[in-house]
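Listed below, chain by chain, are the residues.
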Amino acid sequence: MSAPNQTRERTRSSTETEELTGAEIVVRALRDEGVETVFGYPGGAVLYIYDELDKQDAIQHVLVRHEQAAVHAADAYSRSTGKIGVALVTSGPGATNAVTGIATAYMDSIPLVVITGQVPVALIGNDAFQEVDTVGITRPCTKHNFLVRDVNELAQTIKTAFYLAASGRPGPVLIDIPKDVTAKRCRYEYPEKVQLRSYKPTVKGHSGQLRKALQLIAAAERPLFYTGGGVILSDSADELTQLVRRCDAPITNTLMGLGGYPASDRQFLGMLGMHGTYEANMAVQHCDVLVALGARFDDRVTGNLSHFAPHAKIIHVDVDPASISKNVKVDVPVVGDLRSVLREMNELAEEMGIGGGSLERWWAQIEEWRQRDCLHYTQTDTIIKPQYVVQKLFELTVGNAIVTSDVGQHQMWAAQFYGFDRPRRWINSGGLGTMGFGLPAAMGAQMAEPQSTVVCVTGEGSIQMNIQELSTCRQYKLPIKVACLNNGYLGMVRQWQEFFYEERYASSYMEALPDFVKLAEAYGHIGLRAEKPADVEPVIREALRLKDRMVFMDFLVDRTENVYPMVPAGAALSDMILV
Amino acid sequence: MHRHIISVLLENEAGALSRVAGLFSARGYNIEAMTVAPTHEASVSRMTILTQGSEEIMEQVLKQLNKLVEVIRVNDLSEGPHIERELMLIKVHAVGSDREEVKRLADIFRGRIIDVTDRSYTIELTGTGEKLDAFLHALDPGMVIEVVRSGASAISRGAKSI
């Protein structure tokens, strides 16, 4: 083969015409987008790109131990910073492993750019080694995806991908790049902007509709704000807080919306929905005007749709027109970016003299519901209650930690007992409900904010779904604190079996658990165990004291504790199972 | 449940068709027929989708189609006056006295015989789906050898484009 000669020749000509290889273009474009961190895993189809990444320092590559974790980490990096997360994986199994991460981000509208390698163009469709139809597989779980067959289209495609990921309703965008495209050369020019005749998301809300909405709110006797992940994604927590305070109305957040309004504030009723608070769910069922902002009336939020908010006129603001009147018929629909809309609403409210209304009777009713103390639990001195662990975590981190979670009971307890006063502190897989999200998400958040305390609240089931990432944490010296609420059960599955399957616990008991303390030590971390209530506080204190070390806290908690309140699937929100 | 004819203008790019088809199957929307071909502008394809659904579902269908990045414009033609045409090619047994009979029938429906053998005719017929159905019903089912239908194409009445 005459490859060496050819290469030399090509290099020379490239310096003359300033042509770059596809791999160089990928790295240059990422830099031009201001990307600082890429999470990934190498493989045959992306070796040219890795080779280029290795030649520069502007972008740090974080080597995970499984592609799913790369995407989750990039996802949480985005959730904690608001920037676009970037993941890089190889073709075939690299891409399929990434799919769960992509679908997770898609369901929660997280802006990501995922770059996958592909077999050379000439081999596409030949069942080549490590070939899979990546754009076909990811079409339903990406906002958009591209297969780049020509190096001349690479820079423009990357630019468009970044634009699509973050604009309108955000989401993951995938770019599939065949290996030969990363080796071919062309002139590099990064486009300044993107013009798509077929894609023009609405930013500004319709002023007439906003006036109508404010008039409804002002005239309401029992208004309620119900806000979701859109508040976090559009960075409009301050604007929201201003409006809600002005109206003196109660507010509830979805699981994805926590931190969008200060949890410690008097007007905050807690989360609503299946495991929402009594006061929040009762307020939904009794309000006369429901103001839904950046939320999508998910089935875990609404319960039985035909009984949802039966007395309310509904105002719905969302950047995605398809989210409006999808599940619930809306009286005042507004399409627009929430930050722009809330700013205008605040101005209009001022102009219209809205605020200072008298909602005493409504508040008196709400206070009565609050007296029910629906999150109450009793901590004895023998068995650790999982709620107690989260509450202690909250107290000892002064509510300042970034908390990631996996999926199940621990996730609900974290949502219920860790009060988030600020946005982008609570990172969980709300839509897809992906077990295995928590630890890689903590990595992404810790990479983004090295100085912050990052706690992964997890269970012994979920943590084992991406346990290999303990190795990544070691390599990058990530001082994450894992709080494992270990009850030996897939707790949420067990709870449903107790309530709805006559206590037949099919496959929800976890036998043969590893010794998590030793496991943490085997990976080079510190493991601590709390077996009784008196251990909880010292263990957390010790973990927090070890600022530069990863600590795995194994809390042996009450094995049969349930999450309350609970609205059974398909029931009305007011039909809660209470403690 | 009403019958709707939806026109979609979309970028003439690889994958755009499967995005639309995938959307319908993923969200459980019904497709009775779908046609697609480039328009006078080579970079734009036009798709005609024949579907059924309640008002709420149709609202979602239109919104979800609009949400696809490659979709330029979506229009429910059945909301206004429009013209609908479908092409059918049909091959029938034609021997003996049937030959005259089939020819007469084709004439009545303004069909054209476009291929002939000593045992068969192939007929071309254009019209609404209903008309094509009616022609099929008028034939003795035993005579039909093969049928191919294009699915509906449709365009709004008047001077404006969608």
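Predicted model, so just to flag it, every value in this text is computed and none were measured.

J.: Which residues make up the overall build of chain B, and what values go with them?
T.: Within chain B, the regular secondary structure consists of four helices and nine strands. N-terminal to C-terminal, the α/β element order of chain B is β-α-β-β-α-β-β-α-β-β-α-β-β. Reported as C-alpha extents along the three principal axes, the dimensions of chain B are approximately 55 × 35 × 35 Å. A burial count over chain B gives 40% of its 162 residues as buried. Within the structure as shown, chain B displays about 8900 Å² of accessible surface, and the carbon and sulfur contribution to it stands at 52%. With 19 positive and 23 negative side-chain charges, chain B shows a separation of 3 Å between the mean positions of the two kinds.

J.: Describe the overall build of chain A, listing the residues and the values that go with them.
T.: Helices and strands together make up the secondary structure of chain A, namely 22 helices and 20 strands. At 25 Å, chain A has a C-alpha radius of gyration in line with the 25 Å of a compact globule built from 579 residues. Principal-axis analysis of the C-alpha atoms places the extent of chain A at approximately 85 × 60 × 40 Å. Burial status across chain A gives 59% buried among its 579 residues.

J.: Account for the interface of chain A and chain B, with residues named and values stated.
T.: Taken residue by residue, the interface counts 16 residues in chain A and 17 residues in chain B. Both faces combined, the contact of chain A with chain B buries some 1400 Å², and carbon together with sulfur accounts for 45% of it. When the area that chain A buries against chain B is broken down by residue, the three leading residues are Arg139(A), Arg197(A) and Ser198(A), summing to 42%. Taken together, the connections running from chain A to chain B amount to four salt bridges.

J.: Break down the sheet that holds strand S18 (residues 481-486) of chain A for me, with residues and values.
T.: All names here are of chain A. The six strands lie next to each other as S16-S15-S17-S18-S20-S19, forming an open sheet whose pairing is parallel. Edge positions in the sheet fall to strand S16 (426-427) and strand S19 (526-530), since each of these pairs with one other strand and no more. Where S19 lies against strand S20 (residues 551-556), five bridges are found, and the strand directions are parallel. In the strand pairing of S20, Gly527 is matched with Phe552. Here helix H16 (residues 386-396) sits on the sheet in contact with strand S17 (454-459), S18 and S20, set at roughly 160° to S18.

J.: Can you tell me about the nonpolar core, naming the residues and giving the values?
T.: Residues and elements named next belong to chain A. Core analysis: the largest hydrophobic core is formed by 101 residues, its most contacted members being Ile217, Phe225, Leu290, Met345 and Phe555. Looking at this core element by element, the count peaks at six residues for helix H14 (residues 338-352). One finds Val62, Val64, Ala98 and Val135 within the second-largest nonpolar core, a separate group that totals 47 residues.

J.: Give me the lowdown on the pairing of strand S2 (residues 37-40) of chain A, citing residues and values where you can.
T.: Within a regular beta strand, the side chains point alternately toward one face of the sheet and then the other, so they alternate between its two faces. Residue and element names in this part refer to chain A. Side chains Thr37 and Phe39 of S2 all project onto a buried face; the interleaved residues Val38 and Gly40 project onto the opposite face, where all are buried too. Sheet topology note: the S2/strand S3 (residues 60-63) ladder contains four bridges and is parallel. When the sheet's bridge partners are listed, Gly40 is paired in S3 with Leu63. Taken together, S2, helix H3 (residues 47-53) and S3 constitute a β-α-β crossover, and its handedness is right-handed. With two bridges joining them, S2 and strand S4 (residues 85-89) adopt parallel strand pairing. If you follow Phe39 over to S4, its bridge partner there is Ala87.

J.: Describe in detail the confidence of the model for chain A, supporting the description with residues and values.
T.: Averaged over all residues, the pLDDT of chain A equals 95, while 97% of them reach at least 70. When the criterion is pLDDT under 50, residues 1-16 of chain A qualifies, and its contacts beyond four places in sequence or with other chains add up to four contacts.

J.: So what's going on with the environment of Ala530(A)? Which residues, and what values?
T.: All names here are of chain A. Its place among the elements puts Ala530 in strand S19. Here the alpha-carbon distance between Ala530 and Ile124, two residues 406 residues apart in the chain, equals 54 Å. Sequence-distant contacts of Ala530, defined by excluding residues within four places in its chain, comprise Ile384, Asp535, Val536, Val539, Asp554, Phe555 and Leu556.

J.: I'd love a proper account of the sheet that holds strand S5 (residues 112-118) of chain A, names of residues and values included.
T.: Residues and elements named next belong to chain A. Across the sheet, which stays open at both edges, the six strands sit in the order S3-S2-S4-S5-S7-S6 with parallel pairing between neighbours. Two strands lie at the open edges of the sheet, namely S3 and strand S6 (144-147), each paired on one side alone. Neighbour-to-neighbour, the strand axes of the sheet open up by a mean angle of 20°, direction not taken into account. Relative to strand S7 (residues 172-178), helix H5 (residues 93-107) is tilted by about 160°, and along the sheet it contacts S4, S5 and S7.

Parameters and conventions
- Residues numbered from 1 in each chain as written.
- Chains lettered and ligands numbered in written order.
- Predicted model: local features only at pLDDT ≥ 70, side-chain atom pairs only at ≥ 80, totals over all residues.
- Heavy atoms only, no water.
- Helix = DSSP H or I, 4+ residues; strand = E, 2+ residues; numbered from the N terminus.
- Buried < 20%, exposed > 50% of the residue type's maximum accessible area, 1.4 Å probe, protein only.
- Areas by Shrake-Rupley, 256 points an atom, 1.4 Å probe, with all protein chains shown as cover.
- Lys, Arg positive; Asp, Glu negative; His and termini not counted.
- Charge placed at Lys NZ, Arg CZ, Asp CG, Glu CD.
- Rg over C-alpha atoms; globule rule 2.2 N^0.38 Å.
- Contact = heavy atoms within 4.5 Å.
- Buried area = accessible area lost by both parts, 1.4 Å probe.
- Salt bridge = Lys/Arg side-chain N within 4 Å of Asp/Glu carboxyl O.
- Pairing = 2+ DSSP bridges.
- Axes fitted to C-alpha atoms, helices over the stretch in contact; angles between N-to-C directions.
- Core = buried A, V, L, I, M, F, W, Y, C linked by side-chain atoms within 4.5 Å.
- Right-handed = clockwise from strand over helix to strand, strands pointing away.
- pLDDT = per-residue confidence, 0-100.

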